[in-house]
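Fold and geometry: a report
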Amino acid sequence: APGQAEMYAGLQELGVANGEDLKETLTNCTEPLKAIEQFQTENGVLLPSLQYALPFLDLHGTPRLEFHQSVFDELREKLLERVSAIALEGKVEERYKKLEDLLEKSFSLVKMPSIQPVVMCVMKHLPKVPEKKLKLVMADKDLYKACAVEVKRQIWQDNQALFGDEVSPLLKQYILEKENILFSNDISFLQNFFSPSPKTRRQGEVVQKLTQMIGKNVKLYDMVLQFLRTLFLRTRNVHYCTLRAELLMSLHDLEISEICTVDPCHKFTWCLDACIREKFVDNKRARELQGFLDGVKKGQEQVLGDLSMILCDPFAINTLALSTIRHLQDLVGQDTLPRESPDLLLLLRMLSLGQGAWDMIDSQVFKEPKMEAELITRFLPLLMSFVVDDHTFTVDQKLPSEEKASIPYPSTIPEAFTKFLQENRIACEIGLYYILHITKQRNKNAFLRLLPALVETFSDLAFSDIFLHLLTGNLTLLSDEFALEEFCTSLFDGFFLNACSRKENVHRHVLRLLLHLHHKVAPAKLESLQKALEPTKQSGEAVKELYNQLSEKLELRKPSPAEVTETPSMELPLPTVPTPASR
């Protein structure tokens, strides 16, 4: 049987008798019992004292197989321990020479299940397994699967396609995990996509597996980076940029200097990682980051491609954008213009580099994108004027009635603001973060004023998953406003529903929001929204599933016909609504 053959694989080459030999001996002999005894003597454990001990075991009914098996297991454990010890003792050349000799002697038994762990252990401790042996392992699916990651690394470094096959499912899993968070049904302004700290994110399964697969191997690290660059170019998916930074910092946590010292982005990423942890770029770190950018020497501009990818990580963009909004508010209080703030200009420089990552890697033209002067001289002062409008209105509301100027809240938006959001990527990013900021402050007036500017934005950024994920979370703070017709019409009819039919992701985010806040929306409005959001034949499974969940919730809210007819009109039961406190 094939199983039997596997069990004895390679013994003959070493001159050790196996089951086949015994079979042959018994087939061709006249006295089988004598032949068996002779076979046992020749192939048993050659220890004189055993001659007396074995019959004693026989008296206790212990089968010889059990005895030999336990001796074998014990010896194998000792051998495994010895191999691991050899790998650490004596001079480097000597220890590896011993292991190579051992591998040469034992490799023919690699398919024998009972001996395989020893052969694999020897290979694991050899920094360079002979090429011939690696090829044999690679050609056999079972052997390849059984060998240690240390051996696989040696195979992978010269077989990019095979390594790609191993890494690819992990990268797919990583992107899926990110998307699942963005579309999660749990909507909250407290817990969102950006809540986990960098250190927590690096403990994720994919980052840990990739870190282990790479070990200290620079060649494999470079291969993974190449995969990430290629996939980022092919898909424009910014989550690959996050993984690029997380992988480097995971190796940094383990102090893998072999890789960290050769990655020119290491110190920059390390400093930026600290900013991401604080969700703010302070002055000291701003100086450090600027030093790295200014220190890119002539002839080394290619590093800008990697730095731009690190800065394109949504977690980096989030930190830079939040810091920008904070700086703008500070400037309002200091009566300072944006162009007079070096810290603000550095934040814009990094945002610009991050947002230009795809173009830079695609064109292979490694130079920092030119900053448009109007962004600094016109757009940012515009944002600051919105902050001033809010201050003025708030102060006016607090004045005693006789001193009130009764200024209505400004309802128009300067045309220039809308134009900037449509034509300038950096302006659009900062504008969107400003809108998230006012939503988080529960500033309904400012929100309704600026919302129309989001219908058409640069590259449809206002309909991107990250922005909609954050916006839906922040809108829970304005939940009471959902009872008002004007608010719902502006938000749903004026913004969301505009894009639902052409963008499935927007459809999903609106349904997520309504699943969370349906009990706050006026019944008539809810009914019209339910009709407008009905999935079409082209809608994906996720939309249909969310819509069904929403329909079920709304069905439960409707009072039953019996209740309506029997209850006196004065005491109609209210639909059960969870109060904010119980949520």
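Look a little higher up for the structure.
Keep in mind that this is a model prediction, so the values were computed, not measured.

Cut-off values and rules
Residues numbered from 1 in each chain as written. Predicted model: local features only at pLDDT ≥ 70, side-chain atom pairs only at ≥ 80, totals over all residues. Heavy atoms only, no water. Salt bridge = Lys/Arg side-chain N within 4 Å of Asp/Glu carboxyl O. Helix = DSSP H or I, 4+ residues; strand = E, 2+ residues; numbered from the N terminus. Buried < 20%, exposed > 50% of the residue type's maximum accessible area, 1.4 Å probe, protein only. Disulfide = S-S within 2.5 Å. 1 Å grid on protein atoms, 1.4 Å probe; cavity = no way out; pocket = protein on both sides within 12 Å on 5 of 7 lines; lining within 4 Å. Points joined across faces, edges and corners; volume = space filled by probe spheres on them. Nonpolar A, V, L, I, M, F, W, Y, C, P; charged D, E, K, R; others polar. Axes fitted to C-alpha atoms, helices over the stretch in contact; angles between N-to-C directions. Parallel < 35°, antiparallel > 145°, perpendicular 65-115°, else oblique. Left-handed = near helix turned anticlockwise from the far one by under 90°. Contact = heavy atoms within 4.5 Å.

With the rule as written, the count across this model stands at 24 salt bridges. Notably, a salt bridge pairs Glu258 with Lys216, separated by 3.9 Å at the nearest N-O pair. Of this pair, Glu258 sits in helix α16 (residues 257-260) while Lys216 sits in the loop between α13 (205-214) and α14 (218-235); the two residues are 42 residues apart in sequence, bridging distant segments of the chain. Glu258 gets classed as partly exposed once you look at its relative accessible area, which sits at 35%. Look at Lys216 and you get exposed, because its relative accessible area is 52%. Put simply, Arg229, Arg244, Asp263 and Asp306 are held in one network by salt bridges that share partners.

To continue, consider the state of the cysteines. Per the counting criterion, the structure on display carries 0 disulfides. Of the cysteine sulfurs around Cys241, a residue in no disulfide, the closest is that of Cys312, at 4.0 Å. According to the relative accessible area criterion, Cys241 is buried, its value standing at 0%.

A word on the layout of surface pockets. Volume-wise, the second largest pocket comes out at about 1,200 Å³. Lining the second largest pocket we find 48 residues, and of these Val238, Gln355, Arg425, Glu429 and Leu461 sit closest to its centre. At the level of secondary structure, the elements contributing two or more residues to the lining of the second largest pocket comprise α11 (160-182), α14, α20 (314-334), α21 (342-355), α22 (357-363), α25 (425-440) and α27 (465-475). Top element by residues in the lining of the second largest pocket is α25. It accounts for 6 residues. Residue composition of the lining of the second largest pocket, by class: 24 nonpolar, 12 polar and 12 charged.

Here we come to the packing of α20 against α21. Two packed helices can be described by the angle between their axes and the distance between those axes. Interhelical geometry of α20 versus α21 gives an angle of 155 degrees and a closest axis separation of 10 Å. Taken together, α20 and α21 sit at an angle that is classed as roughly antiparallel. Crossing of α20 against α21: the hand is left-handed. When α20 is examined against α21, the residues Ile317, Leu320, Ala321, Ser323, Thr324, His327, Leu328 and Leu331 are found in contact with a partner set consisting of Asp343, Leu344, Leu347, Leu348, Met350, Leu351 and Gln355.

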